[in-house]
Amino acid sequence: MLLVVVFSLTVTGGAFMRVVYQDALAKGEHDLEVGVNVLQQILDERGQQLRSNVAILADDFGFKSAVATQDTDTLRTVLANHGDRAGADMVLLSDLSDTLLASSHHPAGSTLPFTDLLEQAQQQGAGVDVIVEAGQPYEFVLLPVRAPNLIGWVGMGFLIDEALVEEIHNLTRLDISVVAQPSGDTPFYLVSSRRDLTDRTTPIDIADDPNYLTRELALNLAGPQQTLALVQVSRESLLAAYRDLQWQLLAIVGLILLLTTAAAAWSARSMSLPLTRLSDAARRIGLGQRLETIDVSPRGETGLLAGTLLSMQADIDERERALLHRSRHDPLTDLPNRSSAQECIMALIGQGQPFSLLRLAIERFGDINDTFGYALGDRVLITLAQRLAHLPSSDFQAFRLSDDEFLLLVRNLALPAGWQDTLLNDLSEPIELDASPFRPSLTAGESHSPAHGEDPHLLLRRADIALETARRQRSAWQRYQPGQDEQHVRQLRLIRDLQEAARDSQLWMAYQPKIEASTGKVSQFEALMRWQHPSLGFIPPDEFITLAERSGNIRLLTRWMIDSVCRQLAEWRSNGQTHSVAINLSAEDVIDPQLGQHLLSVLAHYDLNVEQLSLEVTESAVMQDPALAHRCLSELRQAGLTVAIDDFGTGYSSLAQLKQLPVAALKIDKSFVMSLDTQPDDVVIVRSTIDLGHRLGLSVVAEGVETAAIAAMLREFGCDELQGYLIAKPLPGHEVAAWLDHYHPRDILGLA
Ligand code: C2E
Ligand code: CA
Ligand code: CA
């Protein structure tokens, strides 16, 4: 603001002062012009007057007679009288030979000094000019005296003196000076109204006087020295008004600057300062500092802004609290979430307090959502959360871990035995959904600190492992058993390594023969998978097949197995042996609609007969999706593949369903066979199964035959085929031929 004001004042003030200055000088020039005119006029007038006075004298009869008679005394008197009357300062008279007869300033008999004037008078009848006599300027007129012939010259002059220039000075306020300029020499003053000239004789430079504006008027151009009149005005007097104005203007500018500064200071106090404070307050609020007040006037816009900032601070606080709550709580149930749980666990571990974690999962929660819709699914979650939240807070603290999982942190370790069952029962109380009661099924896994670890992640994972175990074992809850975690880690590793096992030829197939019970003749081989892990050694198929099923890799494994088996069959054939092989299928395979097609194409690829392959399927595999399994198995059967039910007796399949299946054989599970000779119950089961199978038109196979005694019993019961270590352990494909060479049924079965 100040800069703008200073700038504009300087520009306008400068422009104004320049105009005034030029105007003052122009006025001076004008005044000089007027002064020159006035001076000219005065000199002209006086010259005119002088001329008429001289003319009168020259015409005077007495005077002419005195001239003619050369009466010097009379002449002198007449001249003096006449000069006095006319007020002339110098009078003279000369004869025709230029000798002075009388003069007020020269001795009589001297030569007429003003030769230029005389010349002028001779030529024009009158000479009028300014002359200098004894350092003084005179306006002088010289006229002829005629009687009637020319008899002499008479002249009169007025002194141009201080009084005259003073008079003109008083009239025009200009300085008038008369200057003599001897030819080729510097001029000097003769008379002047200028007060500043102390020494008139000092040579001057007319053209360049810094203190004065000057106009020249030539008074006398002829003669040995010129006479000039200078009309002058001092710059100082001209610019006096201008200087006054300058000071006034400076005063005004100063005043305006002062006022502007005051205004700027005032506006800084009333606007900038509060704004600075407000912006500082906003910055501190941004940094999270808590402000109670902001130090500005509560009135006006600043007050309003301060109020808004404070209420904004309150809103931010509120939102932060809400965000913090949201980041630590589950929005649906408002239970604290997983990260809260981890913090709580961390804190308890830090305090060295023992506690238990109970991880609770709602079984088949996805199905609940699918069946009842998400709104009702949410209701189940909210109800369960409420039930958990209402447990005594001194003993329990509930969290929601994920969609279908809760966590109970149990602080009280002195709860009555079996509290887990009571709790799960209470939680599973029916929930009213769409006017029909729904009973949630919950499974729990428990871990304990410090026994099972002192790290939140570890404890949560171990509770999860316990939960998985409970699920597998179909129990309501399980406590983590030391070592399960290592088992878990091993399983993860096996699942990972299984991907490469087939490629790295760590997998191979073993073949275990089945024989006809009556003749001992080898009827078929069962293909069993083997995995030699590079670092973990032999992995039992029960273990890795289950893992492959759980991790979704079983179909790939089955394809590898089918290819391997068919290649083996082709190899045997090329060695002149024709065998038939039974392969084991998992539940996933049984419901694979492309399996039949695949089997046939691989058989065709190796140019094998469909009868050379048969299938073993467990009851439980069929029961996972009976309808689909039925359809797929029927297709396989149609294609010419026979199907046997494996592990018969361990599942829960109904006879009615079994009857429907396109099955050719039953394989009695080895758990019933292995102790047949010591367990009377098993005898009952095995006998009745054989009977049942036969009645249904199925062939019956017994696996796990380890002793000749058992083999004998089975033969007696009418079992069709036998399989077990008694006959042979599973063999690598290339050992089958050698084994067959040494196989003697009569030795084994004690046949005659
Ligand atoms: P499974 O189909 O019931 O196979 C019979 C199991 O009993 C084989 O165990 C076999 O070695 C064993 N066994 C045979 N005779 C005797 C005996 O006299 N005494 C005893 N104690 N055991 C005997 P293995 O090879 O460990 O296979 C276990 C299970 O792994 C199989 O049970 C089968 O369910 C599964 N499996 C093996 N290979 C495959 C496969 O290629 N695909 C599928 N899906 N499952 C397979
Ligand atoms: Ca089998
Ligand atoms: Ca079996």
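Look up a bit, the structure's there.
Residues numbered from 1 in each chain as written. Chains lettered and ligands numbered in written order. Predicted model: local features only at pLDDT ≥ 70, side-chain atom pairs only at ≥ 80, totals over all residues. Heavy atoms only, no water.

A.B. asks: When you look at the packing of helix α15 (residues 554–574) against helix α17 (residues 595–605) in this model, what are you seeing that I'm missing?
C.D. replies: Between two packed helices, the angle of one axis relative to the other and the distance separating the axes together describe the packing. For the pair α15 and α17, the least separation of the axes is 10 Å and the interaxial angle reads 25°. In terms of orientation, α15 lies roughly parallel with respect to α17. Considering the relative orientation of α15 and α17, their crossing is right-handed. Packed against α15, whose contacting residues are T558, R559, I562, D563 and C566, the element α17 presents L595, H598, L599, V602 and L603 at the interface. Looking at side-chain class alone, the contact of α15 with α17 contains six nonpolar, two polar and two charged residues. (Axes fitted to C-alpha atoms, helices over the stretch in contact; angles between N-to-C directions. Helix = DSSP H or I, 4+ residues; strand = E, 2+ residues; numbered from the N terminus. Parallel < 35°, antiparallel > 145°, perpendicular 65-115°, else oblique. Left-handed = near helix turned anticlockwise from the far one by under 90°. Contact = heavy atoms within 4.5 Å. Nonpolar A, V, L, I, M, F, W, Y, C, P; charged D, E, K, R; others polar.)

A.B. asks: So what exactly am I meant to see when it comes to the coordination of the calcium ion (ligand 3) here?
C.D. replies: Perfect tetrahedral coordination of a metal by four donors corresponds to 109.5 degrees between them, and perfect octahedral coordination by six donors corresponds to 90 or 180 degrees. Every protein donor of the calcium ion (ligand 3) is listed here as D646 (OD), D647 (OD), E703 (OE) and E703 (OE), and their distances to the metal cover 2.1 to 2.8 Å. For the calcium ion (ligand 3), all donor residues lie on one chain, and their spacing in sequence is D-D-x55-E. In this model, the calcium ion (ligand 3) sits 4.3 Å from the calcium ion (ligand 2), the two metals being bridged by D646. One end of the pair, D646, is in strand β22 (residues 642–648); the other, E703, is in the loop between β24 (699–702) and α23 (708–717), and 57 residues separate them in sequence. D646 sits in the buried class, given a relative accessible area of 6%. (Donors = N, O, S within 2.8 Å, 3.2 Å for Na, K, Ca; no water. Buried < 20%, exposed > 50% of the residue type's maximum accessible area, 1.4 Å probe, protein only.)

A.B. asks: Hey, could you run me through the sheet that holds strand β3 (residues 127–133) in this one?
C.D. replies: Hydrogen bonds along the backbone pair up the strands of a sheet, which may run parallel or antiparallel. The antiparallel open sheet is built from five strands, whose spatial order is β2-β1-β5-β4-β3. In this open sheet, the two edge strands, each paired with only one partner strand, are β2 (100–103) and β3. Going across the sheet, the axis of each strand differs from the next one's by a mean of 25°, ignoring polarity. Pairing of strand β4 (residues 136–146) with strand β5 (residues 150–159) involves nine bridges; the strand directions are antiparallel. Directly across from E139, in β5, lies its bridge partner F158. Against the sheet, helix α2 (residues 61–69) engages β1 (90–95), β4 and β5, with an angle of about 120° to β5. Sheet strands in contact with helix α4 (residues 115–124) are β3, β4 and β5, and its direction is about 170° off that of β3. (Pairing = 2+ DSSP bridges.)

A.B. asks: Whenever I open this one, the environment of L360 confuses me. Can you help?
C.D. replies: Turning to its location among the elements, L360 is positioned in strand β10 (residues 355–362). Here L360 falls in the buried class, since its relative accessible area comes to 1%. Once the C-alpha coordinates of L360 and F406 are considered, the two residues, 46 residues apart in sequence, prove to be 5.0 Å apart. Sequence-distant contacts of L360, defined by excluding residues within four places in its chain, comprise L388, D404, E405, F406, L408, L424, L427, T443 and A444.

A.B. asks: Sorry if this is basic, but what is going on with the site of ligand 1 here?
C.D. replies: Taken together, 23 residues form the shell around ligand 1, and within it Q512, R530, D646, E706 and Y725 come nearest. N584 places a polar side-chain atom, nitrogen or oxygen, 3.0 Å from an oxygen atom of ligand 1. The separation between an oxygen atom of ligand 1 and a polar main-chain atom of Y725 is 2.7 Å. Within the residue set of the shell around ligand 1, elements represented by two or more residues are β18 (522–533), α14 (541–551), β20 (581–585) and β22. Looking at the shell around ligand 1, the element that brings in the most residues is β18, giving four residues. Of the residues in the shell around ligand 1, the class split is ten nonpolar, five polar and eight charged. (Near = heavy atom within 4 Å. Polar contact = N/O pair within 3.5 Å; in protein donor to acceptor, adjacent residues only side chain to side chain.)

A.B. asks: I tried to follow the side chain of Q612 on my own but got confused; where do I start?
C.D. replies: For Q612, the location among the structural elements is in the loop between α17 and β21 (613–618). Relative accessible area serves as the criterion here: at 9%, Q612 is assigned to the buried category. Among the polar contacts made by the side chain of Q612, one reaches the main-chain carbonyl oxygen of H579 at a distance of 3.1 Å.

A.B. asks: How should the coordination of the calcium ion (ligand 2) be read in this particular structure?
C.D. replies: The protein atoms that coordinate the calcium ion (ligand 2) are E526 (OE), N584 (OD1), E616 (OE) and D646 (OD), at distances of 2.1 to 2.3 Å. Of note, the donors binding the calcium ion (ligand 2) are all from one chain and are spaced E-x57-N-x31-E-x29-D.

A.B. asks: Can you walk me through α15 in this structure?
C.D. replies: Since the α-helix packs 3.6 residues into each turn, any two residues three or four apart lie on the same face. Here α15 spans 30 Å end to end across 21 residues, near enough to the 30 Å set by a 1.5 Å rise per residue. The first or second residue beyond α15 is G576, which carries a positive phi of 85°. (Expected span 1.5 Å × (residues − 1).)

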